[in-house]
Amino acid sequence: MATTARTPLAVLDLVPVPSGSTPGQALCNSVDLAQRTERLGYTRYWFAEHHLNPGVAGTSPAVVLALTAAATSTIRLGSGAVQLGHRTALSTVEEFGLLDALHPGRFDLGLGRSGGRAEPTTPAPVPEQVTPVVDGRTPNGLRIPARFSVANLLRSPRFALHRKLLQQPGAESQPYDEQIADILALLAGTYATEGGVEAHIVPGEGADLQVWILGSSAGISAQVGGANGLRFAANYHVSPATVLEAAEGYRAAFKPSAELDRPYVSVSADVVVAEDDATARELATGYGLWVRSIRSGEGAIQFPTPEEARAHRWSAADRELVADRTETQFVGSPESVADQLEVLRDATGADELLITTITHDHADRVHSYELLAEEWARR
């Protein structure tokens, strides 16, 4: 297993809008955070794609990446992830081809399946080694909670509206494995129809991009990522119950490629760091209420202050709705959070860790990344 010094830290940013603020200020905060984390030595900075969320301004990764690339110089930038369910391979390659044309060699094209068609269930390759989980813990102590069911969320009227507004009427998403194959072919300049008609994308063909697959299970995303020899990002912060199966499923499916000769896995974590545990817990007070707004189908609210969060009357159903996320958020002093990140890394075999931090005040968010970077460098 890699030592801490060889385990890079990266950043995942949703461009959160704090209560009382604006999307414009949230974007300025994100660009500022990218500049600061670049100086702190974080290896890459990714923007997520979310829609119809009052408290999240990161609706278009490519647009925010263009703004951030102009304000930074060395940190890798990427999407975590482009939602392919409402996109075509062509539009995706063209967007990132434009970015690479102006800032060559700096971008990661992270691809997700959100909003896509239900994929047929195919047997996943059997991992050579499966990490045992006993009483919700791995042997080294990583918390693996019970699986969260998204059934109610998928049935919500808001989810149906999401699909209606993102897709053209009557449109149907391309099968995910075919879409990934088309993206790779367009980037390589090898795309051709069955009739032999070629497509060459300018800019886009030959773009110096790192292609990543993001996934939360051992399903089609992990299988496609592994089979194509691509880098893979597993989501502990979104789906902690399935992070092990996602990473192990990807490794079981992995085939060496021109890009990679061995599997490469990044694992995400929700983190809040402060000088001491009590201060960190105070800064993280709004997290549960924010997750509740997402899980209930309402859409992410503006991130609340601790006082606003404490004013919420929690029902038993509310607490159950967010339990897996709140109990797997790493909150505390630099030492305690770094210890937890080492446990996550070792349990999942992560080659790097993707850190996402949300606090109400931007200064606290910046300071959390500063404290973590300083502690990580000492180990």
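Structural data are supplied above this passage.
Residues numbered from 1 in each chain as written. Predicted model: local features only at pLDDT ≥ 70, side-chain atom pairs only at ≥ 80, totals over all residues. Heavy atoms only, no water.

A. Structural detail: a nonpolar patch on the surface. On the surface, Leu-52, Leu-161 and Leu-165 cluster together to form a nonpolar patch covering roughly 250 Å² of accessible area. Inspection of the secondary structure puts Leu-52 in the loop between strand E2 (44-47) and helix H2 (61-71). In this structure Leu-52 comes out as partly exposed when scored by relative accessible area, which is 35%. (Patch = residues over 30% accessible without salt bridge, like charges linked within 9 Å, V, L, I, M, F, W, Y side chains within 5 Å. Areas by Shrake-Rupley, 256 points an atom, 1.4 Å probe, with all protein chains shown as cover. Salt bridge = Lys/Arg side-chain N within 4 Å of Asp/Glu carboxyl O. Helix = DSSP H or I, 4+ residues; strand = E, 2+ residues; numbered from the N terminus. Buried < 20%, exposed > 50% of the residue type's maximum accessible area, 1.4 Å probe, protein only.)

B. Quick peek at the nonpolar core. Counting 90 residues, the largest nonpolar core has Leu-111 and Leu-341 as the members making the most contacts within it. With residues near it in sequence (within four places) discarded, Leu-341 still touches Ala-269, Val-271, Phe-330, Leu-353, Ile-355, Leu-372 and Trp-376. Membership of the second largest hydrophobic core comes to five residues, among which are Ala-274, Ala-280, Leu-283 and Ala-284. (Core = buried A, V, L, I, M, F, W, Y, C linked by side-chain atoms within 4.5 Å. Contact = heavy atoms within 4.5 Å.)

C. Up close: the pattern of salt bridges. In this structure the tally under the stated criterion is 22 salt bridges. Taking the shortest distance from any N to any O, the salt bridge between Arg-292 and Asp-318 comes out at 2.9 Å. Of the two residues, Arg-292 is situated in helix H10 (residues 287-295) and Asp-318 in helix H12 (residues 316-326); the sequence distance between them amounts to 26 residues. Ionic pairing is found between Arg-379 and Asp-339, a salt bridge with its closest N-O pair at 2.6 Å. Linking Arg-379 in the segment after helix H14 (362-378) with Asp-339 in helix H13 (residues 334-348), this pair joins segments that are 40 residues apart in sequence. Arg-379 sits in the partly exposed class, given a relative accessible area of 30%.

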